[in-house]
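Below are the chains, spelled out letter by letter.
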Amino acid sequence: MDGDYITIPTANRQQSQQQREQQHNGTWNFLESTLQDLDNRHQLRERTKRSITNLHQSARHLWTDITNQTQSLRSNLQSTCDDADALARHRARSISHAASSAKDSVCRANSEYKIAEKVAAVAVVGGATLIALGNPRMGAGALAAAGATLAVGEVLRGEEERGSC
């Protein structure tokens, strides 16, 4: 037994060393993949943070543009309304002046030529003629027009007496 000793096969030593290397490599691979995953998550957080910041800035710019456009629209609308009011006042004064001039002309012509009485007389004659010719409705209409014309003549005469015509 002197010469007997136990020999460890080299194949077992190599296998054991290979197993340790595989375990070592597996640990490194796990650590590497974990660090890579953490790095990816960090990059994702950074991209998300930048996206949120950009979204916030875009929303702020959009709101500023909306506010500015609304203010501009309000100013333009106010200016347009002011211009329309001024134009309406100017036109109303023009129409009032023209109506006053027409009224003055009618009053003057009626006072000079007694136009209302003449128109009423013609309407009475025309109404009587229409009734005599067998058209009582048209005759009554002409007589009503004659009465209205006389009423207008009386109003004009009253204004003339007051001095407003």
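Residues numbered from 1 in each chain as written. Predicted model: local features only at pLDDT ≥ 70, side-chain atom pairs only at ≥ 80, totals over all residues. Heavy atoms only, no water.

**Points about the overall build of the chain**
Secondary structure summary: the chain contains three helices and zero strands in total. Moving toward the C terminus, one meets the helices and strands of the chain in the order α-α-α. Viewed in the frame of its principal axes, the chain has a C-alpha envelope of about 170 × 45 × 15 Å. Burial status across the chain gives 8% buried among its 165 residues. Nonlocal contacts in the chain, meaning residues at least 24 apart in sequence, comprise 42% of its contacts between residues at least 6 apart. Roughly 13900 Å² of accessible area belongs to the chain as shown, and the carbon and sulfur atoms make up 58% of that amount. Of note, the chain has its 19 positive side-chain charges centred 7 Å away from the centre of its 18 negative side-chain charges. (Helix = DSSP H or I, 4+ residues; strand = E, 2+ residues; numbered from the N terminus. Buried < 20%, exposed > 50% of the residue type's maximum accessible area, 1.4 Å probe, protein only. Contact = heavy atoms within 4.5 Å. Areas by Shrake-Rupley, 256 points an atom, 1.4 Å probe, with all protein chains shown as cover. Lys, Arg positive; Asp, Glu negative; His and termini not counted. Charge placed at Lys NZ, Arg CZ, Asp CG, Glu CD.)

**What about unusual backbone geometry?**
If you check the backbone angles, lysine 114 has positive phi at about 50 degrees while not being a glycine. Within the fold, lysine 114 resides in the loop between α1 (10-113) and α2 (115-132).

**A closer look at the packing of α2 against helix α3 (residues 136-162)**
Direction vectors running N to C along α2 and α3 enclose 165 degrees, while the axes themselves pass 7 Å from each other. As the angle between them shows, α2 and α3 are arranged roughly antiparallel. Where α2 crosses over α3, the handedness of that crossing is left-handed. Here Ala116, Glu117, Val119, Ala120, Ala123, Val124, Gly126, Gly127, Ala128, Leu130 and Ile131 of α2 come into contact with α3, specifically with Pro136, Met138, Gly139, Ala140, Ala142, Leu143, Ala146, Thr149, Leu150, Gly153 and Arg157. (Axes fitted to C-alpha atoms, helices over the stretch in contact; angles between N-to-C directions. Parallel < 35°, antiparallel > 145°, perpendicular 65-115°, else oblique. Left-handed = near helix turned anticlockwise from the far one by under 90°.)

**Some thoughts on a nonpolar patch on the surface**
A cluster of nonpolar side chains, contributed by Trp28, Phe30 and Leu31, occupies part of the molecular surface with about 350 Å² of accessible area. Examined against the element boundaries, leucine 31 turns out to sit in helix α1. Residue classification places leucine 31 among the partly exposed residues on the basis of a relative accessible area of 40%. (Patch = residues over 30% accessible without salt bridge, like charges linked within 9 Å, V, L, I, M, F, W, Y side chains within 5 Å. Salt bridge = Lys/Arg side-chain N within 4 Å of Asp/Glu carboxyl O.)

**Looking at the pattern of salt bridges**
Any two side chains of opposite charge can pair, on the condition that their charged atoms come close. In the structure shown here, the tally under the stated rule is four salt bridges. For arginine 41, the salt bridge goes to aspartate 37, with nearest N and O atoms at 3.5 Å. Highlighted residues: arginine 41 and aspartate 37, both in helix α1, separated by four residues, approximately one helical turn. What makes arginine 41 partly exposed here is its relative accessible area of 47%.

**Comments concerning the confidence of the model for the chain**
Per-residue confidence for the chain gives a mean pLDDT of 89, with 92% of residues at or over 70. The spread of mean pLDDT over the elements of the chain runs between α1, the lowest at 91, and α2, the highest at 95. (pLDDT = per-residue confidence, 0-100.)

**Here's the deal with the side chain of threonine 149**
Residue placement: threonine 149 occurs in helix α3. For threonine 149, the residues in contact, after removing those within four places along its chain, are Ala116, Val119 and Ala120.

**Observations concerning α3**
Along its 27 residues, α3 runs 39 Å from first to last C-alpha, staying within 8% of the 39 Å computed at 1.5 Å per residue. Listed as buried for α3 are Gly139, Ala142, Ala146, Thr149, Gly153, Leu156 and Glu159. Positive backbone phi, at 90 degrees, marks glycine 163, one or two positions downstream of α3. (Expected span 1.5 Å × (residues − 1).)

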